[in-house]
Amino acid sequence: MPIWHPCTQMKDHESYPPVFMDRGQGIYLYDREGNAYIDAISSWWVNLFGHANPRIVRAVTEQLTRLEHVIFADVTHAPAEELAARLLAIATEGLTRVFFADNGSCAVEAALKMSHASWRNLGHPEKCRFLFLANGYHGETSGALGVCGDRLYAAPFAPLFVEQIEVSGPDCFNCPYGRVREGCDAPCFGAMQEAIDAHKDVLSGVIVEPLVQCAGNFRMYPPAYLAKLRQATTEAGIHFIADEIAVGFGRTGTMFACEQAGVSPDFMCLSKGITSGTLPLSVVLTTDAVFDAFYHDYVEDKAFLHSHSYTGNPLACAAACATLRIFEEDDVIAANRAKIDYLHTAVRERFAGYRHTVDIRSTGWITAVELYADPERRIPFDWKARTGFRIYQEAKKRGAWLRNLCDIVYFMPPYVITLEEIDKLADIALDSVKAVLG
Ligand SMILES: *Cc1c(COP(=O)(O)O)cnc(C)c1O
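Owing to the predicted nature of the structure, the values given are computational and were not obtained by experimental measurement.

(A) Fine view of the domain arrangement of the chain. Taken as a whole, the chain is organised into domain 1 (10-52 + 332-437) and domain 2 (58-329). Its C-alpha centre places domain 1 at a distance of 27 Å from the equivalent point of domain 2. On the side of domain 2, 26 residues touch domain 1, which itself brings 30 residues to the contact. Sorting the residues of domain 1 by area buried against domain 2 places Trp-45, Ile-333 and Thr-363 first, and these three jointly supply 24% of that buried surface. Linking domain 1 to domain 2 there are zero salt bridges. One can count 16 residue pairs in polar contact (both at pLDDT 80 or more) joining domain 1 with domain 2. Looking at the side of domain 1 that touches domain 2, the elements that each hand over two or more residues are α1 (42-45), α12 (332-351), β13 (357-363), β14 (366-371) and β15 (408-411). Residues that form the side of domain 1 that touches domain 2 fall into these classes: 21 nonpolar, five polar and four charged.

Here it is, written out as structure tokens:
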């Protein structure tokens, strides 16, 4: 087989050949044999409104017959203009400029480069370092790996990139202060404050995933941390970069996670759900202050040089506009609330008493169940036992695509899932766990 798949030990395909997926409809994926799978993780967190959503299909099809792609330098077009206006209408206050890229990692690259270059243009070339959180994940291109606290992805390539400055992160599951997340005022912010104070003169900014470190084992933390971060970065005169690539567009219950802390960052990176999983697209939203630092007479001098061939692709922008129209027309954020509660309850009902459950945590549409060999004594499974991976295989047999993250079974379904389907999914999850662990 010539295809080398991402995030996969290819040897596994000897025992578990890849599923040959044929089509998708709503929350279901269908393979060539006609087996159906509930897409419980939204095809890697991107699909919000189901596969082959008719409203998105129509928008992309119409755009396809009009203008499929065009250079985006010195050109604009209706889907990009509409999308920019729609994004700024829902963005947190102060975000006024929209820069396009075509995947999440590249949005992070653009934000890091833009942050540093803005300081350089303002006469501060020494401001070139970034703080990032332990267990953070910001994509896998070289610049993004430099701010990646998740060692699994970063360590093997360490010689290839500039490692920025890691700060121990908030981690409510292992809270050293013995707090609970609800209503917590984030005393753990102290480590970040110290790092900012220590490195202030060379810092360009701080990058975090607001409220949930998804790839970092779904570590969740309270909004107070973000409020403190906003204040500390403003006081230090450095940028706050919010990577909302996974948590944006309603995943945490609000349109953007930063809203829950009542803060607005200097940069917001968005991708994943932006086209509801239809086409690759990402954006960096930023402020007039950043934009103005590049406004000058020559390209060669102060312009922001960062371009991708498919920047501002009209089809992707049309898919994103259709996605944002669904949010507006169906009042999705409000309509989601009852489903989110139902999902939390359904998972809790099944897993709370289970003997290998060490923690169940939820933020909005994200619910994660962490499994340990011995929860009482806090002993995880040996990673070589591949507990989570085996559970994922069992779930496939039972009709749910529940790709694990280490020994965590998590739920991040499309928003169009029904209450009955949530129950069905939670049942499959528990059955699959019991099939492996008894
Ligand atoms: C997925 C993800 C990225 C990277 O996006 P890609 O489109 O996969 O490059 C960056 N940051 C976060 C928080 C993500 O979840």
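(B) Structural view of the site of the ligand. All residues in the neighbourhood of the ligand are listed as Trp-45, Asn-103, Gly-104, Ser-105, Tyr-137, His-138, Gly-139, Glu-209, Asp-243, Ile-245, Ala-246 and Lys-272. Taking Asn-103, its side chain carries an N or O atom lying 3.4 Å from an oxygen atom of the ligand. The side chain of Asp-243 places a nitrogen or oxygen atom 2.7 Å from a nitrogen atom of the ligand. Taking 380 Å² as the accessible area of the ligand by itself, protein coverage stands at 83%.

(C) Main features of the nonpolar core. By size, the foremost hydrophobic cluster in this structure holds 117 residues, and its most contacted members are Met-192, Phe-218, Phe-249, Phe-327 and Phe-411. Sort the elements by how many residues they give to this core and helix α11 (residues 314-329) lands first, with ten residues. Here this core spans two domains, and each of domain 1 (10-52 + 332-437) and domain 2 (58-329) adds at least three residues to it. If you look at the next biggest cluster of nonpolar residues, it comprises 21 residues, including Ala-117, Val-284, Val-290 and Ala-293.

Cut-offs applied
Within any chain, residue numbers begin from 1 and follow the written order of that chain's sequence. Local features in a predicted model are, by the rule used here, given only for residues with pLDDT of at least 70; side-chain atom pairs are given and counted only at 80 or more, and totals for whole chains, interfaces and linings are based on all residues. Processing note: side-chain calculations cover all non-hydrogen atoms of the structure and skip hydrogens and water entirely. Marked domain ranges trace back to an automatic or database domain assignment. It only takes one pair of heavy atoms within 4.5 Å for two residues to be counted as in contact. Here the buried area means the combined drop in accessible surface, using a 1.4 Å probe, for two parts upon being joined, counting both sides. A carboxyl oxygen of Asp or Glu within 4 Å of a side-chain nitrogen of Lys or Arg is what we treat as a salt bridge. We call two N or O atoms a polar contact when they sit within 3.5 Å, provided that within protein one can donate a hydrogen and the other can accept it, with sequence-adjacent residues counted only if both atoms are side-chain atoms. Working definition: helices are DSSP H or I runs of at least four residues, strands are E runs of at least two. Numbering for both runs from the N terminus. Three classes are used: nonpolar for Ala, Val, Leu, Ile, Met, Phe, Trp, Tyr, Cys and Pro, charged for Asp, Glu, Lys and Arg, and polar for all others, with Gly counted as polar. We call a residue near a molecule or strand when any one of its heavy atoms sits within 4 Å of it. Accessible surface area values rest on a Shrake-Rupley calculation with a 1.4 Å probe, where residue burial reflects the displayed protein chains alone. In this text, buried Ala, Val, Leu, Ile, Met, Phe, Trp, Tyr and Cys residues form a nonpolar core when linked through side-chain atoms within 4.5 Å. Only protein chains enter the calculation, and the probe is 1.4 Å; a residue is then buried if its accessible area is under 20% of its type maximum, exposed if over 50%, and partly exposed in between.

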